[in-house]
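Summary of structural features
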Amino acid sequence: MAAPNGKPRTCETGEPMEAESSGSSQVYLPGRGPPLREGEELVMDEEAYVLYHRAQTGAPCLSFDIIRDHLGDNRTELPLTLYLCAGTQAESAQSNRLMMLRMHNLHGIKPPPSEGSDDEEEEDEEDEEDRKPQLELAMVPHYGGINRVRVSWLGEEPVAGIWSEKGQVEVFALRRLLQVVDDPQALATFLRDEQARVKPIFTFAGHMGEGFALDWSPRVSGRLLTGDCQKNIHLWTPTDGGSWHVDQRPFMGHTRSVEDLQWSPTEDTVFASCSADASIRIWDIRAAPSKACMLTTTSAHDGDVNVINWSRREPFLLSGGDDGALKIWDLRQFKSGSPVATFKQHVAPITSVEWHPQDSGVFAASGADNQITQWDLAVERDPEAGDTETDPGLADLPQQLLFVHQGETDLKELHWHPQCPGVLVSTALSGFTVFRTISV
């Protein structure tokens, strides 16, 4: 169905969303209708996707980041090329890897074949070979599972900050890994002779245990925040010579694990945090760490607040919690303690949220219910459209819900590609998925 702003609003999914049985099909809405019956299966509606690819890398990845590349902004022409940095969660500590992935030759969804001659079939087979997606992978051994990966450019030098389950935060230089995934010969040499020698350029072991929260400042090159499961947040300041000074005095305020951190995109010294203590806090690093908390919403969610994301275009903070709720906070009204919007489509904890980098009202979320949802704050249901009369099951859907994607197992994290509008990448136990829907 079409939304009033002209964007298609759909609930077809990624490996999934129509339930088929006995030759008939119907839209499947997770948590909002009868469960699948015997003989029914979920079938992907390819017409709901512009692009859809999956990749596996061996051990699953809990976290990844998309690397901003030199191929240009606002890339819509297919096939696509993209670069990811990811860290594994393997069964044994010594089996883990920090990985650089180059995914390329990513074509769009192919239109259904038309009936034709044998010559056309041969052309289709050749075309199919040319359209195969490609993956290059450079891996570095890492002792311990990697909880979170965040990439930043320090001038011309790409680096990854990673949180290890072993309780330390490390910074790795990525330039060599980026080089070798572009050159098959260099990649073979790297994997044979170099990968075992790659070490972090800096390590901080001052946290009292493991953690997940980590964010590079988008405004001050090299400035980093890390937060742990012991409720402490530390500020990293870059020093001359490519190192860091980590303030040993933690920012005090949270009473349980710090789950996520986000720097303000407009102010050099301001950041936000969320915690398993159910609160969201706003801080200013110009104050002493024990006095730096400026604003607090103590009960932001019913339970743990797992993830936050600060809009680059509006004074909005997006949060997701164990309660399955997605909340929008207007930072001009943060003192009120009330969100300006709350959305409930997910039926399990939210695992990742992110604003669209170009479209200020659009965001995406993933949940432990294996749904990825896309939303648009600008959408309002057209009373003359008559959607609800034709399909009563859609009547109680949030108006702003654009799309529900399924087909993944144990979803962990998602990111919009900053240079390829509408392209989403996710990681799950089932692997990576790269897709673009017709809705965004």
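The rules behind these values
- Residues numbered from 1 in each chain as written.
- Predicted model: local features only at pLDDT ≥ 70, side-chain atom pairs only at ≥ 80, totals over all residues.
- Heavy atoms only, no water.
- Pairing = 2+ DSSP bridges.
- Helix = DSSP H or I, 4+ residues; strand = E, 2+ residues; numbered from the N terminus.
- Axes fitted to C-alpha atoms, helices over the stretch in contact; angles between N-to-C directions.
- Phe/Tyr/Trp six-rings, centres within 6.5 Å; stacked < 30°, edge-to-face > 60°.
- Buried < 20%, exposed > 50% of the residue type's maximum accessible area, 1.4 Å probe, protein only.
- Lys, Arg positive; Asp, Glu negative; His and termini not counted.
- Salt bridge = Lys/Arg side-chain N within 4 Å of Asp/Glu carboxyl O.
- Polar contact = N/O pair within 3.5 Å; in protein donor to acceptor, adjacent residues only side chain to side chain.
- Contact = heavy atoms within 4.5 Å.
- Core = buried A, V, L, I, M, F, W, Y, C linked by side-chain atoms within 4.5 Å.

So, about the sheet that holds strand E9 (residues 146–154). Ordered in space as E9-E10-E11-E12, the four strands form an open sheet in which the pairing is antiparallel. Each edge of the sheet is formed by a strand with only one pairing partner; in this case those strands are E9 and strand E12 (202–204). Strand-to-strand twist across the sheet, computed as the mean angle between neighbouring axes with direction ignored, equals 20°. Bridge count between strand E10 (residues 157–164) and strand E11 (residues 169–173): five bridges; the pairing is antiparallel. When the sheet's bridge partners are listed, Val159 is paired in E11 with Ala173.

So, on to the environment of Val423. With respect to the secondary-structure elements, Val423 resides in the loop between strand E29 (411–416) and strand E30 (424–428). Residues Val423 and Thr76, spaced 347 residues apart in sequence, show a C-alpha to C-alpha distance of 9.2 Å.

A complete count under the given rule lists 19 aromatic pairs for this structure. Measuring from centroid to centroid gives 5.3 Å for Tyr49 and Phe403, while their planes differ by 85°, and the two rings are edge-to-face. Here the residue Tyr49 occupies a position in strand E4 (residues 49–55), and Phe403 occupies one in strand E28 (residues 401–405), the gap between them amounting to 354 residues. Residues Phe343 and Phe363 carry aromatic rings whose centres are separated by 6.2 Å and whose planes lie at 40° to one another, so their mutual orientation is tilted. Of this pair, Phe343 sits in strand E24 (residues 341–343) while Phe363 sits in strand E26 (residues 362–367); the two residues are 20 residues apart in sequence, bridging distant segments of the chain. Among the residues examined, Phe363 registers a relative accessible area of 0% and is labelled buried. An aromatic cluster is defined as three or more aromatic residues linked by ring pairs; in this entry it consists of Phe202, Phe204, Trp216, Trp236 and Trp244.

Turning next to the sheet that holds strand E6 (residues 80–88). Pairing is antiparallel in the open sheet, where four strands are placed in the order E5-E6-E7-E8. Because the sheet does not close on itself, it has two edges, and the strands there are strand E5 (61–66) and strand E8 (134–142). Adjacent strand axes in the sheet meet at a mean angle of 20°, parallel and antiparallel pairs treated alike. Judged from the nine bridges that link them, strand E7 (residues 96–106) and E8 form a sheet pairing that is antiparallel.

Residue position: Asp228 is located in strand E14 (residues 224–228). This buried residue, Asp228, is left without a salt bridge; Lys231 holds the nearest opposite charge, at 9.1 Å. A distance of 2.8 Å separates a polar atom in the side chain of Asp228 from the backbone nitrogen of Gln230. A polar side-chain atom of Asp228 sits 3.1 Å from the main-chain amide nitrogen of Lys231. If near-sequence neighbours (up to four positions away) are discounted, Asp228 is found in contact with Trp163, His207, Met208, Gly209, Glu210, Gly211, Ser257 and Val258.

Another aspect to go through is the pairing of strand E18 (residues 270–275). Most of E18 sits inside the fold, with six of its six residues counted as buried. Residues Val270, Ala272 and Cys274 line one face of E18 and the alternating positions Phe271, Ser273 and Ser275 line the opposite face, and both faces are buried. Strand direction decides the pairing type here: strand E17 (residues 258–263) and E18, joined by five bridges, are antiparallel. Residue pairing across strands places Asp260 opposite Cys274, the latter belonging to E18. Adjacent in sequence and paired antiparallel, E17 and E18 are bridged by six residues. Looking at chain direction, E18 and strand E19 (residues 280–284) are connected through five bridges and run antiparallel. By the bridge assignment for E19, Ser273 is matched with Arg281. Between E18 and E19, which pair antiparallel in sequence order, lie four residues; one of them, Ala278, sits at a positive phi of approximately 80°.

The next point concerns the nonpolar core. Membership of the largest hydrophobic core comes to 22 residues, with the highest contact counts inside it found for Ile67, Cys85, Met100 and Ala138. Mapped by element, the contributors of at least two residues to this core are E6, E7, E8, E9, E10, helix H2 (175–180) and helix H3 (184–194). Not counting residues within four places of it along the chain, the set of residues in contact with Cys85 comprises Phe64, Asp65, Ile67, Leu98, Met99, Val149, Val151, Ala160 and Leu174.

The next thing to look at is the pairing of E14. For E14, the buried fraction is high: five of the five residues fall into the buried class. Burial along E14 is two-sided: Leu224, Thr226 and Asp228 facing one way and Leu225 and Gly227 facing the other are all buried. Examined bridge by bridge, strand E13 (residues 211–216) and E14 share five bridges and lie antiparallel to one another. Counted as the bridge partner of Gly211 is Asp228 from E14. Note that E14 and strand E15 (residues 233–239) share four bridges and pair antiparallel. The residue of E15 that forms the bridge with Thr226 is His234. From the end of E14 to the start of E15, which pair antiparallel, there are four residues, and Lys231 there has a positive phi angle of about 80°.

So, on to the side chain of Ser426. You can see Ser426 is positioned in strand E30. Overall, Ser426 belongs to the buried group, its relative accessible area being 1%. Contact partners of Ser426, with chain neighbours within four places excluded, come to Phe64, Ile372, Leu411, Glu413, Leu414, Gly431, Phe432 and Thr433.

Looking now at unusual backbone geometry. Note the cis peptide between Leu78 and Pro79, where omega equals 5°. Non-glycine residue Asn370 carries a positive phi angle of around 65°. On the secondary structure map, Asn370 appears in the loop between E26 and strand E27 (372–376). Located in the positive-phi region is Asp410, a residue other than glycine, with phi close to 60°. Mapping Asp410 onto the fold places it in the loop between E28 and E29.

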